[in-house]
Amino acid sequence: MRIWSIANQKGGVGKTTSVVTLGGLLAEQGKRVLLVDLDPHGSLTSYFKHDPDSLERSLYHLFFEQRHKDKAFIQSVLKPTSHQHIHVLPATTSLATLERQVSGQDGMGLVLARSLAQLWDEYDHVLLDTPPILGVLLVNALAACQRLVIPTQTEHLAMKGLERMIHTLKMVMRSQNRSLPYTIVPTLFDRRTLASVTTLREMRKEYRESLWEESIPVDTRLRDASHEGVFPHQLEADSRGVRAYRHLLRDLERQEDAA
Ligand code: ADP
Ligand code: MG
């Protein structure tokens with residue numbers, strides 16, 4: 001089972017869109033896919049028309065009373081999406097209080113990893129949509145995954161935050177004695193704007209090794225798909241955005257196969 005985290009502490013850079021689009025494309029290849037919403041805002045959960053304010057069970061409930069070791073319980077938390085072979089482990093807004101409730105308790109950083117281990121024969125690929133704050137949820141994501149994907153908006157300010165964020169991620173990895181491969185993915189690229197073009201050029205200079213060589217363009221079809229609650233490839237299999245994400249998936253899989 002492959003597990004990737006999609007992370008960036010900045011909001012609005014395309015994390016949730018990347019999780020959904022890549023997940024859809026993995027299922028298109030015949031993979032069984034699980035998407036995990038670790039963001040207390042619950043945008044991934046809402047994407048599929050599940051309400052993070054009213055769901056009875058969510059990721060939150062795995063953190064108490066050893067329920068992350070109970071496969072039947074974990075499965076009872078999962079929700080369907082618009083694709084038969086893709087499920088979502090939803091968030092509820094209660095996730096925002098988790099930090100305060102479990103901080104300092106032993107083993108809380110490994111809850112997600114242990115839950116996913118229970119599902120190893122049910123899914124081929126898991127994508128983790130991570131929260132913007134450094135806390136127990138992000139620590140769980142980094143402990144559970146084998147690879148990091150960092151979507152970054154091609155805009156000067158977004159790039160300035162990148163350095164700090166990579167530093168933070170490395171700090172967490174060090175505390176876990178791990179080192180994960182990561183790929184920075186330029187998103188929301190608009191070749192008609194000078195800001196996009198110059199930022200992409202700066203990114204190429206500064207992050208040569210870890211930067212994906214292509215970029216995800218602005219594509220309103222991705223926004224339309226989120227409105228409909230469907231996977232972008234289901235709405236239009238060959239829109240500019242979907243095509244770019246297909247290339248990204250191919251390249252990430254190649255890197256993974258080579259590792
Ligand atoms: P994050 O999860 O990092 O906060 P989202 O994936 O929710 O970011 O994206 C923020 C907004 O931008 C959403 O409305 C989404 O539909 C839109 N969006 C994301 N990527 C693209 C893209 N490549 N083209 C057009 N709109 C996009
Ligand atoms: Mg999001």
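Residues numbered from 1 in each chain as written. Chains lettered and ligands numbered in written order. Predicted model: local features only at pLDDT ≥ 70, side-chain atom pairs only at ≥ 80, totals over all residues. Heavy atoms only, no water.

Under the convention used in this document: UniProt positions are given in the numbering used here, feature names are shortened, and annotations may be inferred rather than shown by experiment.
Looking at an unreviewed UniProt entry, one finds the protein named Cobalamin biosynthesis protein CobQ and attributed to Bacterioplanes sanyensis. For the protein, the Sequence similarities (unreviewed entry) comment in UniProt is given as "To B.subtilis soj."

**Some words on the side chain of His50**
Selection criterion: Numbering of helices and strands starts at the N terminus; helices are DSSP runs of H or I of at least 4 residues and strands are runs of E of at least 2. Exposed residues in this analysis have more than 50% of their type's maximum accessible area, buried residues have under 20%, and partly exposed residues fall in between, with area computed by a 1.4 Å probe over protein chains only. Here a polar contact is taken to be a pair of N or O atoms separated by no more than 3.5 Å, where protein atoms must pair a possible hydrogen donor with a possible acceptor and residues adjacent in sequence count only if both atoms sit in side chains. Residues count as neighbours in contact if any of their non-hydrogen atoms are within 4.5 Å of one another.
Mapped onto the fold, His50 is located in the loop between helix 2 (43–47) and helix 3 (71–77). Take His50: its relative accessible area is 15%, and that puts it in the buried class. Polar side-chain contacts of His50 include one of 2.9 Å to the backbone oxygen of Pro80. Contacts of His50, omitting those with residues within four sequence positions, involve Thr45, Leu55, Lys79, Pro80 and Val88.

**Focus: the sheet that holds strand 5 (residues 125–129)**
What counts is decided by this rule: DSSP-based pairing: two strands are paired if at least 2 bridges between them are found. With axes taken as lines fitted to C-alpha atoms, and helix axes fitted only over the stretch in contact, angles between N-to-C directions fall between 0 and 180 degrees.
If you trace the seven strands from one edge of the open sheet to the other, you get 3-4-2-5-1-6-7, paired in mixed fashion. A single partner strand is all that each edge strand has here, and the edge strands are strand 3 (79–80) and strand 7 (182–187). Two elements, strand 1 (residues 2–6) and strand 5, share five bridges in a ladder whose sense is parallel. The residue bridging Ile6 from the neighbouring strand is Asp129, located in strand 5. This element, helix 1 (residues 15–28), spans strand 1, strand 2 (33–37), strand 4 (86–89), strand 5 and strand 6 (147–153) of the sheet and lies at about 170° to strand 5.

**Brief notes about helix 6 (residues 136–144)**
For helix 6, the buried fraction is high: eight of the nine residues fall into the buried class. Residues Val136, Leu137, Leu138, Asn140, Ala141, Leu142, Ala143 and Ala144 constitute the buried set of helix 6. On its buried side, helix 6 packs onto strand 1, helix 4 (98–102), helix 5 (111–118), strand 5, strand 6 and helix 7 (156–175).

**Section: the site of ligand 1**
Operational definition: Here a residue is considered near a molecule or strand provided that any single heavy atom belonging to it is located within 4 Å of it.
Of all residues adjacent to ligand 1, which total 15 residues, the nearest are Gly12, Thr16, Thr17, Pro217 and Asp219. Between Lys15 and ligand 1, the recorded distance is 3.0 Å, taken from a backbone N or O atom to an oxygen atom. Here Pro217 contributes a backbone N or O atom positioned 2.9 Å from a nitrogen atom of ligand 1. Of all the secondary structure elements, the ones that give two or more residues to the shell around ligand 1 are helix 1 and helix 9 (220–228).

**Let's talk about unusual backbone geometry**
Even without being glycine, Glu65 reaches a positive phi, approximately 55°. Mapping Glu65 onto the fold places it in the loop between helix 2 and helix 3. Backbone geometry at Leu188 places phi at a positive 50°, although glycine is not the residue there. Within the secondary structure, Leu188 sits in the loop between strand 7 and helix 8 (194–206).

**Quick look at the nonpolar core**
Applied cut-off: The term nonpolar core refers to a set of buried residues drawn from Ala, Val, Leu, Ile, Met, Phe, Trp, Tyr and Cys, joined through side-chain atoms within 4.5 Å.
If you look at the biggest cluster of nonpolar residues, it comprises 49 residues, and the most contacted ones within it are Leu34, Leu59, Leu89, Leu112 and Leu128. When residues of this core are assigned to their parent elements, the largest contribution, seven residues, is made by helix 7. The residues contacting Leu89, other than those within four sequence positions of it, are Leu34, Leu35, Val36, Asp37, Leu59, Leu62, Val77, Leu78 and Leu112. In this structure, Trp4, Leu22, Ile86 and Val185 belong to the second largest nonpolar core, which totals 30 residues.

**Section: the environment of Ala72**
By secondary structure assignment, the location of Ala72 is in helix 3. On the accessibility criterion, Ala72 (56% relative accessible area) is exposed.

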